[in-house]
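Results of the structural survey
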Amino acid sequence: MTVLTISTQPIEGQKPGTSGLRKKTRVFMEPGFLENYVQSIFDGIGGVKGKTLIVGGDGRYFNDTAIQVILRMAAANGAAKCTVGRGGILSTPAASNLIRKLKTDGGLILSASHNPGGIDEDFGLKYNGPNGGPANEGVTDKIYARTTDIDTYYSVDAGDIDLGTLGTTEIAGMTVEIIDPVSDYAALMNQIFDFDAIAGLFKSGFTMKFDAMHAVTGPYAVEILENQLGAPKGTVMNATPLPDFGGGHPDPNPIWAHELMDIMTGENAPDFGAASDGDGDRNMIVGRGQYVTPSDSLAVLAANAHLAPAYAGGLAGVARSMPTSAAVDRVAAAKGIDAFETPTGWKFFGNLLDAGRATLCGEESAGTGSNHVREKDGLWAVLLWLNILAVTGKSVADLMSDHWAEYGRNYYSRHDYEAVETDRANALMDGLRSQFASLPGQSVGPLTVSTADEFAYDDPVDGSHSAGQGIRIGFTSGGRVVFRLSGTGTQGATIRVYLESYETDPSALHNDAQAALSDIIAAADAIAGITTHTGRDAPDVIT
Ligand code: G6P
Ligand code: ZN
């Protein structure tokens with residue numbers, strides 16, 4: 001077999017976003033696009049000669065083809081070994097676990113997460129480092145820099161590898177091992193949680209629906225919930241991963257997981273509902289008739305994590321992304337532990353987890369996780385909820401009610417304006433920036449602005465500085481609105497407006513979130529001129 005040295009030239013648009021590089025699938029399929037990016041990753045991390053990598057993805061369209069390209073290129077670049085999930089399948093948290101467990105030099109994860117899949121939809125690729133987490137900004141910058149001056153990539157003239165059969169083969173001197181994608185992950189979950197208690201819950205007649213949304217968590221959820229914990233067959237719905245996710249949008253929120261929401265609000269609703277996204281790192285939690293916001297979920301998990309064996313000793317600290325509600329901060333204050341506020345993007349939790357300063361982390365974007373891996377983890381969150389429900393014997397609604405009665409409630413909602421022209425979105429953000437000096441003290445309806453600034457983060461572990469991480473406007477009432485441009489969209493700009501208010505009055509803890517936030521919503525439009533800038537009179541998605 002010969003190593004092929006192929007001349008290439010930089011291709012525009014290979015700057016990684018919040019979570020690796022995401023593009024339309026057809027863009028990834030253009031000649032040299034994938035190859036340039038893969039070679040830039042290899043060069044950006046100092047080469048892969050003699051190194052070991054985990055490779056797998058969420059099974060979306062082009063997953064298997066791209067893996068074959070990656071394996072040939074890894075071999076040509078002198079990698080020692082690639083460990084690949086059977087069928088090219090690995091959930092993002094399972095890949096993170098394998099990187100850590102097998103102590104590899106990192107991994108390549110193929111996914112565009114919750115974005116739809118298919119030849120006309122989205123594809124993505126990201127590199128995770130030896131700690132199992134998404135590459136930090138320093139590494140990401142090096143990868144990007146390489147995409148702008150790349151002139152050569154390497155491959156071998158080898159045929160495709162059979163990804164469907166477990167075992168070890170070789171490609172141009174590099175070992176390829178195909179492993180079961182589920183078993184190591186299931187074993188890790190068994191170590192963390194009280195499987196006997198959860199199995200007991202199911203034995204007692206507790207009912208659940210888990211919506212895998214035709215995405216990667218199907219096989220994981222069937223194995224863990226149905227086979228190991230004894231939940232009845234059929235507990236997991238949409239359990240077979242499909243290249244186009246059944247034409248759906250594998251994003252676990254009340255809008256896209258409406259099939260599950262209908263079940264949970266219908267007659268004979270089960271006790272508990274949950275869903276995960278395309279690559280298995282996000283989660284949605286819903287009780288009978290009760291949706292739990294990700295911010296509330298993080299707070300409830302932080303308050304009760306000690307009920308699961310792995311966290312029985314308490315939490316070192318908690319961390320949330322800036323736009324996530326402050327609900328978890330109140331739990332941390334009550335427990336006397338640190339609460340960190342980081343920019344959006346799971347990669348910012350990595351240092352805190354590695355340094356042992358945070359045990360639980362979470363984001364408003366439906367991500368929750370802990371120090372067991374270096375990614376957010378959808379099924380882990382579902383299992384922690386189940387563990388807590390099993391030990392407390394409470395329903396989701398009672399657990400939420402008790403939580404708000406103890407800590408107060410952070411009403412929370414996110415309004416998204418999607419596919420806005422980039423110039424118009426930037427104009428909205430610039431308009432806000434120009435008001436930083438004048439806003440404090442101003443009245444907007446019944447509210448008064450107390451603060452207005454743009455969030456910047458100084459990492460307490462490595463001292464790195466990240467600026468421009470979202471515009472936040474605080475009100476004297478304790479409410480706030482945050483404006484941010486999405487870093488994961490593939491079309492135009494998505495403006496995210498995060499709305500939050502804090503309530504302690506016991507008679508006002510069970511109101512509708514949109515109603516409770518109406519003053520903040522009106523203030524957000526008055527200050528930012530959302531309608532004027534976007535030409536839209538309502539958000540596209542409300543979560
Ligand atoms: C990905 C990252 C998350 C992040 C989210 C934000 O899912 O893994 O850590 O919170 O993107 O997406 P956005 O579209 O708001 O930039
Ligand atoms: Zn995801």
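Residues numbered from 1 in each chain as written. Chains lettered and ligands numbered in written order. Predicted model: local features only at pLDDT ≥ 70, side-chain atom pairs only at ≥ 80, totals over all residues.

**Describing the sheet that holds strand β10 (residues 208–211)**
With respect to topology, five strands assemble into an open sheet ordered β11-β10-β12-β13-β14, the strand pairing being mixed. Edge positions in the sheet fall to β11 (236–237) and β14 (290–292), since each of these pairs with one other strand and no more. (Pairing = 2+ DSSP bridges. Helix = DSSP H or I, 4+ residues; strand = E, 2+ residues; numbered from the N terminus.)

**Notes on the pairing of strand β12 (residues 272–276)**
With five of five residues buried, β12 lies mostly within the body of the structure. With four bridges joining them, β10 and β12 adopt parallel strand pairing. Paired with K209 across the bridge in β12 is G273. The pairing of β12 with strand β13 (residues 283–287) spans five bridges and is classified as antiparallel. (Buried ≥ 20, exposed ≤ 12 C-beta atoms within 10 Å, placed from the backbone.)

**As for helix α5 (residues 137–149)**
Because the α-helix completes a turn every 3.6 residues, residues three or four places apart line up on one side. End to end, α5 covers 19 Å across 13 residues, agreeing with the expected 18 Å (1.5 Å per residue, within 8%). Listing the buried residues of α5 in full gives V139, T140, I143, R146 and T147. Summarising the axial view, the buried residues of α5 lie within an arc of 120°, below the 170-degree limit, and thus occupy one face. Away from its buried face by more than 90 degrees, α5 exposes G138, T148 and D149. (Expected span 1.5 Å × (residues − 1). Arc of directions from axis to C-beta.)

**Some remarks on the domain arrangement of the protein chain**
Interfaces are often described in size by the accessible area the parts lose on coming together. As far as domains go, the protein chain holds domain 1 (3–180), domain 2 (184–407) and domain 3 (409–542). Of the residues lining the interface, nine residues belong to domain 1; the matching set on domain 3 comes to five residues. At three residues, strand β2 (residues 21–24) tops the list of elements feeding residues into the side of domain 1 that touches domain 3. Grouping the amino acids of the side of domain 1 that touches domain 3 by side-chain chemistry returns no nonpolar, four polar and five charged. (Domains from an automatic or database assignment. Contact = placed C-beta atoms within 7 Å. Nonpolar A, V, L, I, M, F, W, Y, C, P; charged D, E, K, R; others polar.)

**A look at helix α6 (residues 183–192)**
Restricting attention to buried positions, one finds in α6 the residues Y185, L188 and M189. Viewed end-on, α6 has its buried residues packed into an arc of 100°, placing them on one side of the element. Of the exposed residues in α6, those oriented more than 90 degrees away from the buried face are S183, A187 and Q191. Where α6 is buried, its residues touch α4 (92–101), α8 (217–228) and α13 (378–392).

**Here's the deal with the sheet that holds strand β24 (residues 471–475)**
In spatial order, the strands read β20-β21-β24-β25-β26-β19-β27; together these seven strands make up an open sheet with antiparallel pairing. With one partner strand each, in any of the chains shown, β20 (443–444) and β27 (541–542) form the two edges of the open sheet. With six bridges connecting them, strand β25 (residues 480–485) and strand β26 (residues 493–503) associate as antiparallel partners. Residue pairing across strands places V482 opposite Y498, the latter belonging to β26.

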